[in-house]
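Listed below, chain by chain, are the residues.
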Amino acid sequence: MSGDPHHTHHRGEPVRLLPPMRTYAPTDEVDFVIVGSGAAGGVMARELSRNGFSVVVLEQGPFLTERDFSHDQFWGDLQPDKALTNNRKDQPGTSRKTDKDDAKISSWNNYGRVVGGGSVHFTANYWRFPELEFEQATRFGVPDDSTIADWPIRYADLEPYYTKVEWDIGVSGLAGNPFEPPRTKPFPLPPLPIKSEGVLLERGANKLGMHPWPAPMAILSHPYRGRSGCVACGICIGNACEVRAKSSSLVTMIPEAVASGRCEIRTLSYARKVETNASGRVTGVTYFDKNKKEVLQRAKAVVLSANGCETPKLLLMSATTAFPDGLANSSGQVGRNIMFNGSALRDGLFEHEINGWKGAVVSRVVWDTYEMPASLGLYGGGGFDFRCGYTPLNGGATWPGEPTWGSAWKKRARDYFTKSLSVYGHMSSLPTPNNRVDLDPKVKDAWGLPAPRLTFTGHPNDFKLGAWFGKRGEELLTAAGALSVAGEYGGPDGGGPHLLGTCRMGNDPRTSVVNADHRAHDVPNLFIVDGSNFVTSGRGQPTMTIQALAFRAADRITALAKAKAL
Amino acid sequence: MQRRDFVQSMAGGLAGALGAASWSQLRAVSAYAAGVAESAPYECLTAEQAKLLDVVTAHLIPTDDTPGAREAKVVRFIDHALATIFKDNQKDFAKTLADFTEFTSHYRPDGAAFLALTPNEQIDALGELERLEPDVFRDLRGITMTGMFAHPEHGGNFGKIGWKLIGYEDRYSWAPPFGYYDRGRE
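Residues numbered from 1 in each chain as written. Chains lettered and ligands numbered in written order. Predicted model: local features only at pLDDT ≥ 70, side-chain atom pairs only at ≥ 80, totals over all residues. Heavy atoms only, no water.

Here the focus is the nonpolar core. Core analysis: the biggest nonpolar cluster contains 114 residues, and A:M44 and A:L526 have the highest contact counts within it. By residue number, the principal contributor to this core is helix α9 (residues 543-562) of chain A, which donates 11 residues. Counting contributing residues, this core receives three or more from each of domain 1 (1-121 + 259-340 + 432-457 + 495-566) and domain 2 (192-215 + 342-427 + 459-493) of chain A. When sequence neighbours within four positions are dropped, the list of residues in contact with A:M44 reads A:I34, A:S49, A:V303, A:S305, A:V529, A:A550, A:A553, A:A554 and A:I557. With 61 residues, the next largest nonpolar core counts A:L393, A:F417, B:W163 and B:Y168 among its residues. (Core = buried A, V, L, I, M, F, W, Y, C linked by side-chain atoms within 4.5 Å. Buried < 20%, exposed > 50% of the residue type's maximum accessible area, 1.4 Å probe, protein only. Helix = DSSP H or I, 4+ residues; strand = E, 2+ residues; numbered from the N terminus. Domains from an automatic or database assignment. Contact = heavy atoms within 4.5 Å.)

This paragraph deals with the pairing of strand β12 (residues 342-349) of chain A. Residues and elements named next belong to chain A. Within β12, 8 of the 8 residues are buried, which leaves the element mostly enclosed by the surrounding structure. Every second residue of β12 is oriented toward a common face, with G342, A344, R346 and G348 on one face and S343, L345, D347 and L349 on the other, all of them buried. Across 8 bridges, the pairing between β12 and strand β15 (residues 420-427) is antiparallel. When the bridges of β15 are listed, G348 appears paired with L421. (Pairing = 2+ DSSP bridges.)

Turning to the pattern of salt bridges, a few remarks are in order. Residues and elements named next belong to chain A. A full pass over the atoms with the stated rule returns 49 salt bridges over all chains. For the salt bridge of E353 with R414, the shortest nitrogen-to-oxygen distance reads 3.0 Å. On the criterion of sequence distance, the pair formed by E353 in the loop between β12 and β13 (364-366) and R414 in helix α7 (residues 406-418) is long-range, its members being 61 residues apart. Given a relative accessible area of 23%, E353 falls into the partly exposed group. Salt bridges sharing common partners tie together R46, E47, R50, K164, D168, R225 and E256. (Salt bridge = Lys/Arg side-chain N within 4 Å of Asp/Glu carboxyl O.)

Let's shift gears to the sheet that holds β12(A). Residue and element names in this part refer to chain A. The strand order across the open sheet formed by 6 strands is β7-β13-β14-β15-β12-β18, and the pairing between neighbours is antiparallel. If you trace the sheet from one side to the other, it starts and ends with β7 (212-214) and β18 (484-492), each paired once. Direction aside, neighbouring strands of the sheet carry axes that sit 20° apart on average. (Axes fitted to C-alpha atoms, helices over the stretch in contact; angles between N-to-C directions.)

Next up on the list: the state of the cysteines. All names here are of chain A. One pass over the structure, following the stated rule, counts 0 disulfides over all chains. Its sulfur unpaired, C241 is 6.5 Å from the next cysteine sulfur, which belongs to C233. C503 takes part in no disulfide bond, and the closest cysteine sulfur, belonging to C309, lies 11 Å away. (Disulfide = S-S within 2.5 Å.)

Here we come to the sheet that holds strand β16 (residues 436-444) of chain A. All names here are of chain A. Taking strand neighbours across the sheet as the criterion, the 4 strands line up as β6-β5-β17-β16 in an open arrangement whose pairing is mixed. Every other strand in the sheet has two partners, leaving β6 (104-106) and β16 as the edge strands with one partner each. The mean angle between the axes of side-by-side strands here comes to 45°, regardless of whether they run parallel or antiparallel. Note that β16 and strand β17 (residues 450-455) share 5 bridges and pair antiparallel. Note on β17: the bridge partner recorded for R436 is T455. In the packing of helix α6 (residues 310-317) onto the sheet, contacts are made with β16 and β17, and the angle to β16 comes to roughly 65°.

This brings us to the domain arrangement of chain A. Residue and element names in this part refer to chain A. By the assigned domains, chain A splits into domain 1 (1-121 + 259-340 + 432-457 + 495-566) and domain 2 (192-215 + 342-427 + 459-493). Between the C-alpha centres of domain 1 and domain 2 the distance comes to 33 Å. The interface is formed by 12 residues belonging to domain 1 together with 14 residues belonging to domain 2. Of the roughly 1000 Å² buried between domain 1 and domain 2 on both sides combined, carbon and sulfur atoms contribute 57%. If you look at where domain 1 meets domain 2, you find 2 residue pairs in polar contact (both at pLDDT 80 or more). Residues that form the side of domain 1 that touches domain 2 fall into these classes: 3 nonpolar, 8 polar and 1 charged. (Buried area = accessible area lost by both parts, 1.4 Å probe. Polar contact = N/O pair within 3.5 Å; in protein donor to acceptor, adjacent residues only side chain to side chain. Nonpolar A, V, L, I, M, F, W, Y, C, P; charged D, E, K, R; others polar.)

Here the structure, examined in full by the defined rule, presents 28 aromatic pairs over all chains. Measuring from ring centre to ring centre gives 5.7 Å for A:F122 and A:Y126, while their planes differ by 75°; the resulting arrangement is edge-to-face. A:Y126 sits in the buried class, given a relative accessible area of 1%. Where A:F350 meets B:Y181, the ring centres are 6.3 Å apart and the plane angle is 75°; that geometry is what we call edge-to-face. (Phe/Tyr/Trp six-rings, centres within 6.5 Å; stacked < 30°, edge-to-face > 60°.)

A few words now on the environment of A:T455. Residues and elements named next belong to chain A. Position of T455 among the secondary structure elements: in strand β17. Judged by its relative accessible area of 1%, T455 falls in the buried class. Between the alpha carbons of T455 and V514 there is a distance of 22 Å; along the sequence they are 59 residues apart. The residues contacting T455, other than those within four sequence positions of it, are R96, K97, T98, D99, N434, N435 and R436. Of the polar contacts made by the side chain of T455, one reaches the side chain of R96; its length is 2.9 Å.

Structure below.
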């Protein structure tokens, strides 16, 4: 295995991947240690190092590249615990519904555990949040048993950074979606080609008076900035791109951070404690190296971009007598308000071949449901796509009411594989005070650290929202001409890769963990930049906003550092 | 998550539930050539288990006017997978086989073993298993389908028989139109 970012091995031959990388000794006091190299950590590493700061990025996983990736489905994270994601055997999670229940081992937390994090295998839906997302408490009120609040920033504060994401990493799409908030620049790349799923979504949506639009995707429709355009291989969701067309941190931000000559990506390095001194400032991060030996990397400031599960876990593990409830947790909000988004799914079987196993996953979206009519009494909203999640390992798919094996199934297997698709409703989730991640008192991981424990019960509104989206999804399938519609799933997800809200951003130190500069209210030289900052969940696709926040945070932190105000 | 659509449509329970293979294990497994000799010893299965699985998988995906599980070498896949990527699930799979044997031994009043039943009785017994012991059936079906559709480097899907059945081609580079409905839109 690599872990050495200079070289990898291809069929036994060493291959140089990156320009020589600057390295630091743990005793060097670098300007920043960043924990995590994913969607947010990659942006922070690139921006801070290019702004002149010395940076060490601690990444749990290895440094893989396209030479290591494979079309073999056992590699991707369609299979849990494989090459690209956290291995739950070594790092179990536990979960329970309420405080009264005993938590059991569970795979609720899914994250990328390689350089580039989850962006290496993501689906690449890059939806901007609508303007209303940032001011929902003011506009729609606060439902019972929800902690939903306004963000301390507005869409206008983030717009330049959404644009920066699109141009700096490469996002394909078409400006003009009537439900997209105002933008200052067009997309740098035209949309990916429409697929049969997209044509069918157009057909269904047009019949229902909705507005289908080319999907904004962080996948290159054409070569861009030295990377290949998408070749429509189809081994996409849950898998790593072999032609560098998927705009992951691995192929966008990380190489540019390394090229700055000021950034070290230190792999197989699992952070276990953020260290603090007597004056309550952070002094570095202690991590397990690849030999499970503890190492302290000293730093003038620390940025946590470890994801909405690992970041609060690390803060809670960093308790001291001065910070008895965990670092940066005087509010008691670290780990709280966890949101996963919600899903509503139905399957449709059509007359002709769709072949969704070719190409990127999504080519058209419908956002008419970003804001729901007040008459429905539903809080939040979401959007739809049609997709065929099938990869060849799904060749054994069945259809309800039809044979599942034998010659009768064999005769239909090709139809199930090539002529079916799913309508996918992506939805918001409400934060609640008790939905949270904390440290399991009993279960430990292979390093002896506590397992992250989830306590989660979906808000009643989100079940209603899921039911509505499921019904609407059926209508879209039927209007698109589906011969048969199956499935009935809709509601809040109780886990997954969207790990949001656990170190929320806000102006009030009593109810939030970081301020609008991503600075911990309690610790002046500690910053948190990842999905944990979300005050609300968005309409289903968080990564675009995670990166826009990161670009903005990097500007803010740079300004503070240059003003000697860290 | 690998969201529900994928989990639900996965070839079956075992494929999703089995295994916590590491990157290095995966690396090792890819050295396994698809063309294992017919007479090669099994790595994990007993001869009896292999014989039973040969018959069961051939009922699940029979050889009819197109090749089936036998030609795809699904049993070789199962054997090799249990020795490698599904290593941690050997016990679970042994239990599945034991449950299967127990269930099917009650099919005929004389307690005949599954392999002693006539082919029609075997098919009927599998149908009963699907109805009454869906978890056991799902595990057997799941690993059979995984052997049929996984990359041939794992020892099954021999000659890409599984992929041909479902109309999948591993060309890994496509241009529109991808399907029927997007013709004329490229």
